[in-house]
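Working through the structure, step by step
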Amino acid sequence: MDAQPVLLDTIPALEAVVGREVALSRWFTIDQARISAFADVTDDHQWIHLDAERAMRESPYGGTVAHGFLTIALLPAMLASAVSLGTARLTVNYGCNKVRFPAAVPAGSRIRGRFTLQAVEPLADCTQLVWLVTMENEAGGKPVCVAEFVMRRY
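Computed from a predicted structure; not experimentally measured.

1. Observations concerning the side chain of His-49
Positionally, His-49 belongs in helix 3 (residues 47–50). Not counting residues up to four positions away in its chain, the partners in contact with His-49 are Gln-32, Ile-35, Asp-44, Thr-64, Val-65, Ala-66 and His-67.

2. Focus: the nonpolar core
Formed by 33 residues in total, the largest nonpolar core has its most connected members in Ile-111 and Trp-131. If you list the elements that add at least two residues to this core, you get strand 2 (21–24), strand 3 (28–30), helix 2 (32–42), helix 5 (68–73), helix 6 (75–82), strand 6 (109–122), strand 7 (127–137) and strand 8 (145–153). Ignoring any residue separated from it by four or fewer positions in sequence, one finds Ile-111 in contact with Arg-26, Trp-27, Phe-28, Ile-30, Thr-71, Leu-74, Met-78, Val-105, Met-135, Glu-136, Asn-137 and Val-144.

3. Observations regarding helix 2
Because an α-helix packs 3.6 residues into every turn, residues spaced three or four apart end up facing the same way. Every buried residue belonging to helix 2 is among Ile-35, Phe-38 and Ala-39, and all of these are buried. Angular distribution of buried residues about the axis of helix 2 spans 100°; they occupy a single face of the element. Turned more than 90 degrees off the buried face of helix 2, the exposed positions are Ala-33, Asp-40 and Val-41. On its buried face, helix 2 is in contact with strand 3, helix 3 and helix 5. Following helix 2 by one or two positions, Asp-43 adopts a phi angle in the positive range, close to 60°.

4. Quick notes on the pattern of salt bridges
Scanning the entire structure with this criterion turns up 6 salt bridges. Two residues, Arg-57 and Glu-58, come together in a salt bridge whose shortest N-O distance is 3.7 Å. With a closest N to O distance of 2.9 Å, Arg-110 and Glu-138 form a salt bridge. Taken as a pair, Arg-110 in strand 6 and Glu-138 in the loop between strand 7 and strand 8 lie far apart in primary sequence, 28 residues in all. Residue Arg-110 is classed as partly exposed on the basis of its relative accessible area, which comes to 31%. A relative accessible area of 44% means that Glu-138 is categorised as partly exposed.

5. A word on the pairing of strand 6
Where strand 2 meets strand 6, 3 bridges bridge the pair, whose relative direction is antiparallel. Among the inter-strand pairings, Ala-23 is bridged to a residue of strand 6, identified as Phe-115. Of the pairings in the sheet, the one linking strand 6 to strand 7 comprises 11 bridges and is antiparallel in character. Among the inter-strand pairings, Ala-119 is bridged to a residue of strand 7, identified as Val-130. The hairpin formed by strand 6 and strand 7 contains 4 residues between the paired strands.

6. Describing the state of the cysteines
As used in these notes, a disulfide is a covalent bond between sulfur atoms, one from each of two cysteines. Within the structure shown, the criterion is met by 0 disulfides. Here Cys-126 is not disulfide-linked; the sulfur of Cys-96 is the nearest cysteine sulfur, at 16 Å. Given the relative accessible area of 7%, Cys-126 is considered buried. Cysteine Cys-145 remains unbridged, with the sulfur of Cys-96 as its closest cysteine sulfur at 7.5 Å. You can call Cys-145 buried: its relative accessible area is 1%.

7. So, the side chain of Ser-59
As for its placement among the helices and strands, Ser-59 is situated in the loop between helix 4 (52–58) and helix 5. A polar contact is formed between the side chain of Ser-59 and the backbone nitrogen of Tyr-61, at a distance of 3.1 Å. When neighbours within four sequence positions are excluded, Ser-59 is seen to be in contact with Trp-47, Ile-48 and Arg-54.

What counts and how
- Starting afresh in each chain, residues are numbered from 1 along the sequence in its written order.
- It should be noted that, the model being predicted, local features are given only for residues of pLDDT at least 70 and side-chain atom pairs only at 80 or more, the latter also being counted only at that level, while totals for whole chains, interfaces and linings use all residues.
- Hydrogens are left out, water is left out, and the side-chain values use all remaining heavy atoms of the structure.
- Only DSSP runs of H or I covering at least 4 residues are called helices, and only runs of E covering at least 2 are called strands; the numbering of each starts at the N terminus.
- Any pair of residues with heavy atoms lying within 4.5 Å of one another is described as a contacting pair.
- Buried Ala, Val, Leu, Ile, Met, Phe, Trp, Tyr and Cys residues form a nonpolar core when they are joined through side-chain atoms within 4.5 Å.
- Remark: exposure states derive from per-residue accessible area (1.4 Å probe, protein chains only) relative to the maximum for the residue type, with buried under 20%, exposed over 50%, and partly exposed in between.
- An arc is given here, and it is the one of the directions from the helix axis to the C-beta atoms.
- Any carboxyl oxygen of Asp or Glu that lies within 4 Å of a side-chain nitrogen of Lys or Arg is treated as forming a salt bridge with it.
- Here, any two strands with at least 2 DSSP bridges between them count as paired.
- For this text, the term disulfide refers to a pair of cysteine sulfurs within 2.5 Å.
- A 3.5 Å cut-off defines polar contacts: any pair of N or O atoms within that distance qualifies, except that in protein one atom must be a possible hydrogen donor and the other a possible acceptor, and neighbouring residues in sequence count only when both atoms are side-chain atoms.

The following block contains the structure:
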């Protein structure tokens, strides 16, 4: 059973955890069906994502792997499973300052995100939050994604 999201519903609560890892998302299964669906919606049909036989023969991973952008696209869902920010009029994904994919995500993997709040920045019309996210594969090894995820709460 997945843990309840960590409640950080006020600016003081957020400021109190800056610099600390505050949450761990649920596990997300990255099966071939998800990879194939992502390929279809993004028109990225590279063989390393879709052709299992060729990937077994020719890729360094021994099988198909997820798109890096599929991995990063799961960031908002991972955060939502890990942190409850309470009510806000509007919360938006403002982008990423930096993204790296140190390891591939083989089809059939389960991944999750570790969230460290790096900054709480008051702006004229909202509050900007900067999260350091480290996504890990349940099988271990290097992180599959490390990103600075920026969101704004209005």
